[in-house]
Amino acid sequence: MTVIHDNLEETNAKMRARDVSVYYGDKKAIDEVSIDISADYVTAFIGPSGCGKSTYLRCFNRMNDTIPVARVTGTIELEDEDIYGSGMDVVQLRARVGMVFQKPNPFPKSIYDNIAYGPKIHGLVEKKADTDEVVEKSLVRAGLWDEVKDRLDESGTALSGGQQQRLCIARAIAVDPEVILMDEPCSALDPIATAKIEELINDLSGRYAIVIVTHSMQQAARVSQRTAFFHLGKIVEYGRTSDIFTNPIEERTKDYITGRYG
Amino acid sequence: MSPITLILIAIGLGLAGWLAGRAKAWSFQKSDPSIRLVARPNYHAWYVAVWIVIPVLAFIVLWSIVAPQLVMQSVLASPAANVLPDFGFERQSILSEARAVASGNAQAVFNPDAQGLVKPFYGAISRYNIIGLVVTIIIGFGGGAFAFLRVKPDFRARTRVERTVMIVLLLASLVAILTTFGIFASLVFETVRFFGMISPLDFLFGTYWSPDPMSSAANPDSTRYGAIPLFWGTIFIGAIIAMIVAIPLGLMSAVYLTQYANPRLRAWVKPALEILAGVPTVVYGYFAALTVAPVIRDAAVAVGISNASTESALAAGVVMGVMIIPFVSSMADDSIAAVPSAMRDGSLAMGATQSETIKRVLFPAALPGIVAGVMLAVSRAIGETMIVVMAASTAANLSANPLDRMTTVTVQIVKMLTGEGSFDHPATLSAFALGFVLFMVTLVLNFIALRVVKRFREAYD
């Protein structure tokens with residue numbers, strides 16, 4: 001069972017997951033995991049490779065639907081609405097819960113078109129002027145505007161890795177989501193690009209509910225206010241990031257934090 | 001001594017050299033464990049084997065060309081050759097008869113004159129066989145000894161062997177290129193002859209095609225060699241009607257198979273679709289002529305076109321389109337499937353629907369493969385002959401009505417070359433000019449396609 005630190009005040013929960021299990025065929029990858037995602041904080045999922053943290057993250061915008069053998073049980077609510085319920089359109093859900101992937105995956109289109117893609121398919125913009133505005137606003141928020149404003153028609157794939165990842169974040173922001181899921185967003189980047197992304201996460205925190213999966217405990221400590229430690233498909237311990245790193249309760253958390261395994 | 005025997009000897013010597021080279025390389029290591037070979041023993045072995053097999057094979061190729069000439073020379077020098085008639089067919093037949101008997105391919109001679117030559121032939125053949133065998137063995141041992149003596153602990157056998165392999169690979173790829181040049185050269189030669197008789201302007205821009213193989217070759221009527229109706233027929237049937245059928249069906253089936261079909265269905269349907277590509281075109285021809293063409297004619301009559309013919313461009317084009325669906329769909333399928341799934345996930349995670357993802361992300365990224373598939377299909381369609389012969393007739397007709405009889409370049413090439421005409425007649429030579437034009441058009445099409453792809457592709461890596 002999950003150990004939850006008892007000094008947590010009532011959170012302003014944006015999403016609530018209850019007893020969520022994920023099966024890949026017959027294999028149970030996530031075993032009845034519940035968590036609240038706060039609207040005000042950055043939540044980090046940490047844990048060793050293969051512990052299910054990425055799989056769990058992908059439940060929150062139903063990206064597991066794209067894997068034919070994956071099956072999800074339990075409920076996840078986005079503002080009291082069950083995202084796996086019949087009333088929820090997955091297209092609308094993904095517009096509200098955006099995602100940034102491990103490896104930067106800009107579309108092979110211009111920087112401008114990369115950002116404009118989401119607003120266009122969701123009908124958020126009509127005129128070219130609206131699109132220009134959304135593109136600029138998103139790039140400014142993602143801290144990329146100054147670097148690319150003179151070459152918006154260049155291919156997104158021509159940018160450096162760190163810039164590509166910020167472009168992907170800008171792309172996610174462009175449809176004005178409520179939650180942004182980040183699946184190890186810095187694992188393919190060098191330390192300087194990583195620092196920029198972390199700074200960006202700090203800037204975006206509060207405006208969007210952010211969940212970040214990370215391998216790096218230092219990163220979790222730097223960017224998050226809440227941390228969940230995953231092990232073997234379960235959350236072992238959940239609490240304030242500072243508490244998890246300084247006063248872990250569970251032995252397994254302690255071992256992982258101090259580098260005994262992982 | 002046939003070349004097969006010599007080749008077997010080459011392989012045998014090569015094997016012996018391989019074993020010897022390896023044994024020698026091993027012996028260095030055995031005798032002094034502190035020695036480290038620069039290359040592994042197997043590479044030394046291959047080095048020796050290559051030095052035996054390649055020179056020997058080169059000699060065998062050379063010898064199989066030279067030896068018969070040497071045999072012939074020595075037979076002609078013998079006194080028995082004096083009875084031969086001076087030149088011509090008779091002389092050749094006597095010689096080949098005697099040779100056949102001497103080499104054991106025939107029981108006895110028909111022509112008594114040949115009998116006297118059997119013996120000289122026999123002698124010469126066995127003499128040169130022995131020479132060939134001895135030289136083969138000398139070369140084999142020579143090459144082997146040279147290589148064997150170079151096997152030392154610090155000898156870089158691996159780089160030599162790898163360079164040899166690379167050269168072999170290079171030669172293999174040259175074969176294809178040289179063949180293309182050969183085809184091109186032979187076409188150009190005959191085409192130039194044709195244009196010596198018929199003006200290229202009449203040929204390329206004339207609108208009346210009816211070459212008469214029976215007319216005088218010296219003074220051909222160049223107004224009958226206007227190839228425009230053929231080019232039009234080719235484009236209309238192969239590049240327009242067939243593509244209208246093949247491109248949408250091929251792309252849609254590729255999209256279905258890669259994006260919507262479940263894997264078990266895909267595992268069945270994709271190979272089944274590819275079987276279509278293996279059906280002989282003659283079979284499609286039957287289908288076009290016996291099934292599709294009458295249906296089209298009946299349909300045309302039913303809507304009031306009373307003079308519709310059973311042979312129509314439409315029937316040929318539609319069946320041709322079906323024939324090339326697998327080319328389009330298979331290439332499109334492969335290139336859509338090759339787009340990294342990160343692109344697809346990225347788009348879906350933005351809240352794009354599956355069809356938006358296909359149209360706006362997957363298609364642009366897969367464009368090079370799709371265009372390549374379409375180009376392959378067009379080349380295949382304009383080179384297709386059988387279906388057109390059977391379903392669209394051989395009558396050259398410049399018309400935009402798909403129900404008319406039409407013919408294509410390839411059909412006319414066949415018609416001109418299978419006739420009774422001599423190779424000096426412009427009607428026959430026109431086949432080469434047509435082939436040349438077809439070749440150039442395909443070349444230009446491919447070139448344009450490559451440029452288009454380069455310009456518009458959305459590179460994802």
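Conventions adopted
Counting restarts for each chain: residues are numbered from 1 in the order of the written sequence. To label them, take the chains in the order written and letter them from A, then take the ligands in the order written and number them from 1. Note on the predicted model: pLDDT of at least 70 is required for a residue's local features to be given, and 80 or more for side-chain atom pairs to be given and counted; whole-chain, interface and lining totals, by contrast, use all residues. Values shown for side chains rest on all heavy atoms present in the structure; no hydrogens or waters enter the calculation. Numbering of helices and strands runs from the N terminus; a helix is a DSSP stretch of H or I covering at least four residues, while a strand is a stretch of E covering at least two. For a compact globule the rule gives 2.2 Å times the number of residues to the power 0.38, and the radius of gyration it is set against comes from C-alpha atoms. Burial here depends on accessible area, computed with a 1.4 Å probe over protein chains only, as a share of the maximum for the residue type. Under 20% is buried, over 50% is exposed, and the range in between is partly exposed. Calculation of accessible area relied on Shrake-Rupley with a 1.4 Å probe; when residues are assessed, cover is drawn exclusively from the protein chains displayed. Asp and Glu count as negative and Lys and Arg as positive, but His and the ends of the chain are not part of the count. Every charge is mapped to an atom, namely NZ of Lys, CZ of Arg, CG of Asp or CD of Glu. In what follows, a contact means two residues having at least one pair of non-hydrogen atoms within 4.5 Å. A helix is expected to span 1.5 Å for every residue after the first. Note that the bend at a residue is defined as the angle between axes fitted to the seven residues ending at it and the seven residues starting at it. As a per-residue quantity, pLDDT reports the predictor's confidence and falls between 0 and 100. Side-chain atoms alone can form a polar contact between residues adjacent in sequence; in general such a contact is a pair of N or O atoms within 3.5 Å, and within protein one must be able to donate a hydrogen while the other accepts it. By definition, two strands form a pair when at least two bridges between them are found by DSSP. Axes here mean lines fitted to C-alpha atoms, for a helix over just the part in contact, with angles spanning 0 to 180 degrees between N-to-C directions. Salt-bridge detection follows one rule: a side-chain nitrogen of Lys or Arg within 4 Å of a carboxyl oxygen of Asp or Glu. Nonpolar residues are Ala, Val, Leu, Ile, Met, Phe, Trp, Tyr, Cys and Pro. Charged residues are Asp, Glu, Lys and Arg, and all others, Gly as well, are polar. We call a set of buried residues a nonpolar core when its members are Ala, Val, Leu, Ile, Met, Phe, Trp, Tyr or Cys and they connect through side-chain atoms within 4.5 Å of each other. Pairing of aromatic side chains here covers Phe, Tyr and the six-membered ring of Trp, requires ring centres within 6.5 Å, and sorts the geometry by plane angle: under 30 degrees stacked, over 60 edge-to-face, intermediate tilted. The criterion is that NZ of a Lys, or CZ of an Arg, lies within 6 Å of the ring centre and within 35 degrees of the ring normal, and then a charge sits over that ring. Like charges are joined within 9 Å and nonpolar side chains (Val, Leu, Ile, Met, Phe, Trp, Tyr) within 5 Å, but only among residues with over 30% relative accessible area and no salt bridge; these make up the patches. Note that the term roughly parallel is reserved for angles under 35 degrees, roughly antiparallel for angles over 145, roughly perpendicular for angles of 65 to 115, and oblique for everything else. By definition, any crossing whose near helix is turned counterclockwise from its far helix by less than a right angle is left-handed, and any crossing with a clockwise turn is right-handed.

A. Inspection of the overall build of chain A at higher detail. What chain A contains, in helices and strands, is 10 helices and 11 strands. Relative to a compact globule of 262 residues, whose C-alpha radius of gyration would be 18 Å, chain A shows 18 Å and is just as compact. Taking the principal axes of the C-alpha coordinates as reference, chain A spans close to 55 × 45 × 35 Å. A total of 262 residues make up chain A; the buried ones form 55% of that total. Summed over its atoms, the accessible surface of chain A is roughly 11,200 Å², and 46% of this surface lies on carbon and sulfur atoms. Seen as two clouds, the 31 positive and the 40 negative side-chain charges of chain A have centres 3 Å apart.

B. Quick look at the overall build of chain B. Assigned secondary structure in chain B consists of 15 helices and 0 strands. Over its C-alpha atoms chain B spans a radius of gyration of 32 Å, topping by over 25% the 23 Å that the globule rule assigns to 461 residues. Projected onto its principal axes, the C-alpha positions of chain B cover 85 × 75 × 40 Å. Relative to its full complement of 461 residues, chain B shows a buried share of 42%. For chain B, the proportion of contacts with a sequence separation of at least 24, taken over those separated by at least 6, is 72%.

C. Main features of helix α10 (residues 313-338) of chain B. Residue and element names in this part refer to chain B. With 26 residues, α10 should cover 38 Å at 1.5 Å per step; its first-to-last C-alpha distance of 37 Å lies within 8% of that length. At I324, α10 shows its largest kink, close to 40°, and the proline P326 lies no more than four residues downstream. Counting buried positions along α10 gives 19 out of 26 residues, so the element sits mostly inside the fold.

D. Fine view of the confidence of the model for chain B. Residues of chain B with pLDDT of at least 70 account for 98%, and the chain-wide mean is 86. Averaged pLDDT values over the elements of chain B bottom out at 79 in helix α3 (residues 89-102) of chain B and peak at 92 in helix α11 (residues 341-349) of chain B.

E. Layout of the side chain of A:H231. Along the chain, the position of A:H231 falls in strand β10 (residues 226-231). Polar side-chain contacts of A:H231 include one of 3.4 Å to the side chain of A:R252.

F. Seen up close, the sheet that holds strand β11 (residues 234-240) of chain A. Residues and elements named next belong to chain A. Read from one edge of the open sheet, 7 strands run β1-β11-β10-β4-β9-β8-β7, paired in mixed fashion. Of all strands in the sheet, those bounded by a partner on one side alone are β1 (3-4) and β7 (97-100). Pairing of strand β4 (residues 42-46) with β10, which is carried by 4 bridges, proceeds in the parallel orientation. By the bridge assignment, F45 is partnered in β10 with A228. Here helix α6 (residues 161-174) sits on the sheet in contact with β7 and β8 (179-183), set at roughly 170° to β7.

G. Focus on the sheet that holds strand β3 (residues 27-38) of chain A. Read across the open sheet, the 4 strands follow the order β3-β2-β5-β6 (chain A); overall the sheet is antiparallel. The open sheet has two edge strands, β3 and β6 (81-82) of chain A, and neither has a second partner.

H. Representation of the interface of chain A and chain B. Listed by partner, the interface residues are 25 residues for chain A and 20 residues for chain B. Scanning the region where chain A abuts chain B turns up 0 salt bridges. For the pair chain A and chain B, the interface holds 4 residue pairs in polar contact (both at pLDDT 80 or more). Put simply, the parts of the chain that give the side of chain A that touches chain B at least two residues each are α2 (90-96), β7, α3 (111-121) and α6 of chain A. Of all the elements, α3(A) adds the most residues to the side of chain A that touches chain B, at 4 residues. Per-class residue counts for the side of chain A that touches chain B are 13 nonpolar, 7 polar and 5 charged.

I. View of the nonpolar core. If you look at the biggest cluster of nonpolar residues, it comprises 74 residues, and the most contacted ones within it are B:F203, B:W209, B:I237, B:I324 and B:L434. For this core, the element with the most residues is α10(B), which contributes 12 residues. In contact with B:I237, not counting residues within four places along its chain, are B:A242, B:A313, B:A316, B:G317, B:M320, B:V388, B:A392, B:M406 and B:T408. Core analysis: the next-biggest nonpolar cluster, separate from the first, contains 44 residues, A:V42, A:I111, A:V125 and A:V223 among them.

J. Broad picture of the packing of aromatic side chains. Taken as a whole, this structure holds 20 aromatic pairs over all chains when the rule is applied. With centroids separated by 5.6 Å and ring planes inclined at 65°, the aromatic side chains of B:F195 and B:F203 adopt a geometry described as edge-to-face. B:F195 gets classed as partly exposed once you look at its relative accessible area, which sits at 24%. Three or more aromatic residues joined by ring pairs form one cluster here, namely B:F194, B:F195, B:F203, B:W209, B:Y225 and B:F231. A cation over an aromatic ring shows up here: A:R226 above the ring of A:Y41, its NZ or CZ 4.2 Å from the ring centre.

K. Examining a nonpolar patch on the surface more closely. All names here are of chain B. There is a patch of nonpolar side chains on the surface, built from M166, I167, L170, L171, L174, I177, L178 and F181 and spanning about 780 Å² of accessible area. Along the chain, the position of F181 falls in helix α5 (residues 157-197). A residue is classified by how much of its surface remains accessible, and F181, at 56% relative accessible area, is exposed.

L. Seen up close, unusual backbone geometry. Residue and element names in this part refer to chain A. With a phi angle near 50°, D19 is a residue other than glycine that sits in the positive phi range. Owing to a relative accessible area of 46%, D19 belongs among the partly exposed residues under this scheme. Of note, E79 is a non-glycine position whose phi angle comes to about 45°, a positive value. For E79, the location among the structural elements is in the loop between β5 (70-78) and β6. Note on E79: relative accessible area 44%, which makes it partly exposed.

M. Inspection of the packing of helix α2 (residues 41-77) of chain B against helix α4 (residues 112-150) of chain B at higher detail. All names here are of chain B. Running from N to C, α2 and α4 cross one another at 160°; their axes reach a closest spacing of 9 Å. The angle between α2 and α4 places the two elements in the roughly antiparallel class. The two elements α2 and α4 cross, and the hand of that crossing is right-handed. Across the contact of α2 with α4, the residue classes tally to 24 nonpolar, 6 polar and 2 charged.

N. Quick peek at the environment of B:A302. Structurally, B:A302 is set in helix α9 (residues 281-302). Remark: the alpha-carbon pair of B:A302 and B:I324, spanning 22 residues in sequence, is separated by 29 Å.

O. Structural context of helix α7 (residues 228-260) of chain B. For α7(B), spanning 33 residues, the distance from its first C-alpha to its last is 45 Å, which sits close to the expected 48 Å at 1.5 Å a residue. Its axis deflected by about 50° at B:M243, α7(B) carries its strongest bend there.

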